[in-house]
Amino acid sequence: MVDSPREGKLARSPDFVQLIDMASESVGGKILFATDDFFAPAENLIKSDSPRFEEHKHTEFGRWMDGWETRRRRTPGHDWCIVRLGVQGLIRGLDVDISYFTGGYAPRISIQAANLEEDKEPAMPPRGVRMGVAATAEELDAVAKLQSSDWDYLVPRTELRPGKPASGHNYFLVHSQQKWTHVRLNIFPDGGVARLRVYGVGHKDWASADPTEPVDLVAMASGGACVGFSNAHFGHPNKMIGEKTPRAGVYPGVRAPGETPSVSDETGALLVLGGEWAVFRLSHPGVVTQVEIDTTHFEGDFDAAQPLSHAGRASGLTVNTTSRGRASWCRLAPSPPRRALGATCLSVEAFHFLRPPRPRAALGRLPLGSQGLAVSQLSPNTAQVFDSLTPELQDVVTHVRLTICPDGGVGRLRLRGFPSSICLLRPRDKPMMRFSVKAGFRSSL
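The shown structure was predicted, so the numbers you read here are calculated from the model rather than taken from an experiment.

What counts as what
- Residues numbered from 1 in each chain as written.
- Predicted model: local features only at pLDDT ≥ 70, side-chain atom pairs only at ≥ 80, totals over all residues.
- Heavy atoms only, no water.
- Helix = DSSP H or I, 4+ residues; strand = E, 2+ residues; numbered from the N terminus.
- Buried < 20%, exposed > 50% of the residue type's maximum accessible area, 1.4 Å probe, protein only.
- Contact = heavy atoms within 4.5 Å.
- Core = buried A, V, L, I, M, F, W, Y, C linked by side-chain atoms within 4.5 Å.
- Arc of directions from axis to C-beta.
- Salt bridge = Lys/Arg side-chain N within 4 Å of Asp/Glu carboxyl O.

Colleague: How should I be thinking about the overall build of the protein chain in this particular structure?
Modeller: Counting its secondary structure elements, the protein chain contains one helix and 25 strands. Across the 445 residues in the protein chain, those meeting the buried criterion constitute 51%. For the protein chain, the share of sequence-separated contacts (at least 6 apart) that also reach a separation of at least 24 residues comes to 81%.

Colleague: Help me understand the nonpolar core, please; the structure alone is not making it clear to me.
Modeller: Across soluble globular proteins, you tend to see nonpolar side chains buried next to one another. Of all hydrophobic cores here, the largest spans 56 residues; its most connected members are I91, I109 and F280. Tallying contributions element by element places strand β7 (residues 79–97) first for this core, with seven residues. Discounting chain neighbours no more than four positions away, the residues touching F280 are V218, A225, C226, P237, M240, I241, T398, H399, V400, L402 and L413. Judged by nonpolar contacts, the second largest core, of 11 residues, contains A114, M124, A142 and L146.

Colleague: Would you mind going over unusual backbone geometry with me for this structure?
Modeller: The phi angle of most residues is negative, glycine excepted, and most peptide bonds adopt the trans form. In this structure, the amide linkage connecting F188 to the following residue, P189, adopts the cis form with an omega of -15°. Considering the arrangement of structural elements, one finds P189 in the loop between β11 (179–188) and β12 (192–193). Positive phi, close to 70°, is recorded for Y100, a residue that is not glycine. Its location among the elements puts Y100 in the loop between β7 and β8 (108–114). When its relative accessible area of 25% is taken as the criterion, Y100 is described as partly exposed. Look at Q147: it is not a glycine, yet its phi comes out positive at around 50°. Residue placement: Q147 occurs in the loop between α1 (137–144) and β9 (152–159).

Colleague: Help me understand α1, please; the structure alone is not making it clear to me.
Modeller: Since the α-helix packs 3.6 residues into each turn, any two residues three or four apart lie on the same face. Within α1 the residues assigned to the buried category are E139, A142 and V143. Angular distribution of buried residues about the axis of α1 spans 95°; they occupy a single face of the element. Exposed side of α1, more than 90 degrees from the buried face: A137 and D141 are the residues found there. At its buried positions, α1 is contacted by β3 (30–34) and β7.

Colleague: Could you clarify how one ought to interpret the pattern of salt bridges in this entry?
Modeller: Working definition: two side chains of opposite charge can pair if their charged atoms are close together. Counting across every chain of the model gives 15 salt bridges. Across the salt bridge formed by R71 and D36, the nearest N and O atoms sit 2.7 Å from each other. On the criterion of sequence distance, the pair formed by R71 in the loop between β6 (68–69) and β7 and D36 in the loop between β3 and β4 (58–59) is long-range, its members being 35 residues apart. Residue R71 is classed as partly exposed on the basis of its relative accessible area of 31%. Ionic pairing is found between R127 and D37, a salt bridge with its closest N-O pair at 2.9 Å. Taken together, the residues R127 in the loop between β8 and α1 and D37 in the loop between β3 and β4 connect sequence positions 90 residues apart. Both residues of the pair, R127 and D37, belong to the buried class. Beyond isolated ion pairs, a larger network of salt bridges with shared partners links D37, E43, R127, R130 and E139.

Next comes the structure, spelled out in structure tokens:
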């Protein structure tokens, strides 16, 4: 059922909008087919930015609109389009945004979905840049092989509510535990939609994974997600775990000197207190053996002696790991709380299972041994790989925390390791308790 603001009620976005937009072009979403693209192409539906309105902008077909808008139908039927999700997985919610379509929005919609294997998707003619056209006979013949009219319904035919001109969100909660790869948006009979957001989490068949090959345990496509952060002024931390090549502006925090106390040392270098952080949930509990930090496209002044660095990347960072349960973060290699701009480092912390739960007062840092990651130099515009844990510290973890000191940007975060179905069922009485990765495993989630 549609969730839209009503009179006398506080308008609030549902919680699922904090999840990944699996249809966005920024994660690889793609429009496979649309019955009509006369006024505006369907590719606008999956843009990552918010819709905008330009009052005096026109095209040869009419007023320019930032969305998908079809011509008025004079024949039976309705318009529809098919989106291949960039991240395939579990859909938790949908947002059909009709912002700025005050008079020409689609009156009613329905949404269907399917889980298709890669070899089952027919070859579709390339769409290219298009406006003022309808689907060709070749496209209709190709899309007919999908039999999309028989797909499962996530949202039955529902009337849309326009809301405010600049905020026409129509939210739909999805109750489904199935993996989906494609969605079909039906509009009745025609009209415009600004954006289609498909919120959810990635899904991977861990039972079929090769247990001898390390995988990226925090990858968005497999189900990894950011569950908390201190700052996302220029970009959400989820972008760090995407599949695409990193680009400038992925996760830079707001410059710290304007927000936190700062002083200069005897050399004139600016010292800044604290840092920015983000917490990620791994796609599967596992043993992290390697950390990759990619600062591609984040480059600039990296001279630690300068009063202020203009490098658009992290000056330093810390990676923490945690497993489920009541516990606390434990650092393997501590980093100083105050750091000069331009100085870079990396260290690792861990957060362990404690069962049965101990009183909060008893929770403290759990030493993992004397050997951890040494403080390491980070370089601009490059991918750097660090050994995550010593061979003696093969601990199953579920969450990681990345800290950048004091601020800046990170392109990609990769945590390579091995999934494990091991459960830590006992209190961690001994700091050097070991766990090995099973030769074969099945998903326990």
